[in-house]
Amino acid sequence: MTNADFEKIVDTTNEWIISRTGIKERRICDEDMTGGDMAAEACRRALENSGTSPEEIDLLIIGTVTPDYRCPSEAVIVQEKVGLINAVAFDIVAACTGFINGLSLANSLIQSGQYKKALIVGSEKLSSITNYKDRGTCILFGDAAGAVVIGPDSNGNGVISTFMKSDGRLAKLLWQEVGGTRNPYTPENVNNGKDKLYMAGSDVFKVAVREMCNASLKVLEDAGLTADDLTLVVPHQANIRIIDALTKRLKVDKSKVYMNIEKYGNTSAASVPLALDQANHEGRLKPGDYVLMVAFGGGLIWGAALVRW
Ligand code: COA
């Protein structure tokens, strides 16, 4: 879906969208395709890329706020599709930070020895909860899924430090008011758009810049590293101006910061694994490289993970 498509449905311009967000296009999945379908495909490709069989996976965690069903979890749906017969599967509801929290949790469970091989997925069909009458939000979001496989490593590679934090006092800055038990779906609520995502964009923006920077510095400090040690930063692709501000505050060179927002927009929990996968396929990562991933989203909730590739 291009900026020109949005010019036809809301009062906006290509110039405004590019200069305020950096986005030119987003991918919108077919109506009959779900987040679970995309997640399953991402899992299959991650298994193939890592040379892992479905039977080896004993843990599947999916970050999503747009699951196929309210019950059971997206993860068990995907478990069945991919044939992860030896796994426990469950979801994390942490909006755009879902993948980072999933990675952090999976890493702890592997470090503890309780699990051996994990698939961590971020998957969102955001088009299903986007209000296409609200020009302040609809231009931002796209659909995607991304996945990684992790396991124990005796050479000091893998996830080396993580950080997670939230502030529930700010929950209503970015939320979907209708659809839960507090405010169930009614014809009236569906007509007034409250069943879709609402965001107080500029308020969220300020917290995002500050806390993505703090989270990044925390995982670097915990690992005894500085921003100079990083080969690549893979930030959540919410807004090019947020990424630019983060780049400046961290004092990393722009060339080290991966961006694909122009083509995909904000894909919530899928954003970081999608960008990571693309960076990897473009040859931007070598064994031993330090990669920083950092995300921020509805909750408000934020987190970072530092990985030795
Ligand atoms: N086209 C044209 N004008 C638009 C517009 C659009 N698509 N969307 C909003 N505007 C207008 C607003 O109505 C407002 O007009 P006004 O001054 O007459 O009231 C003006 O542009 C500025 O709006 P504002 O919301 O302050 O813009 P912004 O510069 O903050 O950009 C976002 C809006 C949403 C792009 C930006 O705030 C953002 O990216 N926020 C954070 C996103 C994020 O990190 N989310 C967390 C993870 S999901």
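Please read these numbers as outputs of a predicted model, since none were measured by experiment. (Residues numbered from 1 in each chain as written. Predicted model: local features only at pLDDT ≥ 70, side-chain atom pairs only at ≥ 80, totals over all residues. Heavy atoms only, no water.)

J.: Explanation requested: the sheet that holds strand β1 (residues 59-63) in the structure shown.
T.: Taken together, four strands build an open sheet; the order of strands is β2-β1-β3-β4 and the sheet is mixed. Strand pairing shows two members of the sheet lacking a second neighbour, β2 (88-92) and β4 (143-150), which therefore form its edges. Taking each pair of neighbouring strands and ignoring which way they run, the sheet shows an average axis angle of 15 degrees. In this structure, β1 lies alongside strand β3 (residues 118-125), joined through five bridges in parallel fashion. Paired with Ile 61 across the two strands is Ile 120, which belongs to β3. (Pairing = 2+ DSSP bridges. Helix = DSSP H or I, 4+ residues; strand = E, 2+ residues; numbered from the N terminus. Axes fitted to C-alpha atoms, helices over the stretch in contact; angles between N-to-C directions.)

J.: What is the right way to look at the pairing of β3 in this model?
T.: Along β3, eight of the eight residues are buried, which leaves the element largely enclosed by surrounding structure. Every second residue of β3 is oriented toward a common face, with Ala 118, Ile 120, Gly 122 and Glu 124 on one face and Leu 119, Val 121, Ser 123 and Lys 125 on the other, all of them buried. (Buried < 20%, exposed > 50% of the residue type's maximum accessible area, 1.4 Å probe, protein only.)

J.: Would you take a moment to explain the domain arrangement of the protein chain for this structure?
T.: By a widespread convention, an interface's size corresponds to the accessible area lost as its parts come together. Here the protein chain is described as being made up of domain 1 (3-155) and domain 2 (159-308). Taking only C-alpha atoms into account, the centre of domain 1 sits 13 Å from that of domain 2. Taken together, the contact pairs 43 residues of domain 1 with 44 residues of domain 2. Of all residues in domain 1, Cys 96, Ile 100 and Ile 129 give up the largest surface area on contact with domain 2, accounting jointly for 18% of the area buried on that side. Where domain 1 packs against domain 2, one counts one salt bridge. Linking Glu 262 and Lys 24 is a salt bridge whose minimum nitrogen-to-oxygen distance equals 3.7 Å. Sorting the residues of the side of domain 1 that touches domain 2 by element identifies α2 (14-21), α5 (98-111), β3 and β4 as the ones contributing at least two each. Here the side of domain 1 that touches domain 2 gets eight residues from one element, more than from any other, and that element is α5. Broken down by class, the residue content of the side of domain 1 that touches domain 2 amounts to 15 nonpolar, 20 polar and eight charged. (Domains from an automatic or database assignment. Contact = heavy atoms within 4.5 Å. Buried area = accessible area lost by both parts, 1.4 Å probe. Salt bridge = Lys/Arg side-chain N within 4 Å of Asp/Glu carboxyl O. Nonpolar A, V, L, I, M, F, W, Y, C, P; charged D, E, K, R; others polar.)

J.: Would you explain the pattern of salt bridges in this entry?
T.: Close approach of charged atoms allows side chains of opposite charge to pair. In total, this model carries 13 salt bridges according to the counting rule given. Put simply, Lys 8 and Asp 5 hold a salt bridge, and the shortest N to O gap is 3.8 Å. Separated by three residues within a single helix, Lys 8 and Asp 5 lie in helix α1 (residues 3-9), roughly one turn from each other. Classification of Lys 8 by relative accessible area gives exposed; the value is 67%. When its relative accessible area of 27% is taken as the criterion, Asp 5 is described as partly exposed. When the shortest N-O distance is used, the salt bridge between Lys 117 and Glu 56 registers 3.7 Å. Remark: Glu 56 occurs in the loop between α3 (35-50) and β1 and Lys 117 occurs in the loop between α5 and β3; sequence separation between them is 61 residues. Taking relative accessible area as the criterion, Lys 117 reaches 25% and is therefore assigned partly exposed. Its relative accessible area of 37% is what places Glu 56 among the partly exposed residues. If you follow the salt bridges from partner to partner, you end up with Glu 41, Arg 44 and Arg 45 in one network.

J.: Explain unusual backbone geometry to me, please; I cannot follow it from the model alone.
T.: Omega for the peptide link from Cys 71 to Pro 72 comes to 5 degrees, which places this bond in the cis form. As for its placement among the helices and strands, Pro 72 is situated in the loop between β1 and α4 (74-82). One non-glycine residue, Ser 268, lies in the positive phi region at around 55 degrees. With respect to the secondary-structure elements, Ser 268 resides in the loop between α10 (261-264) and α11 (271-281).

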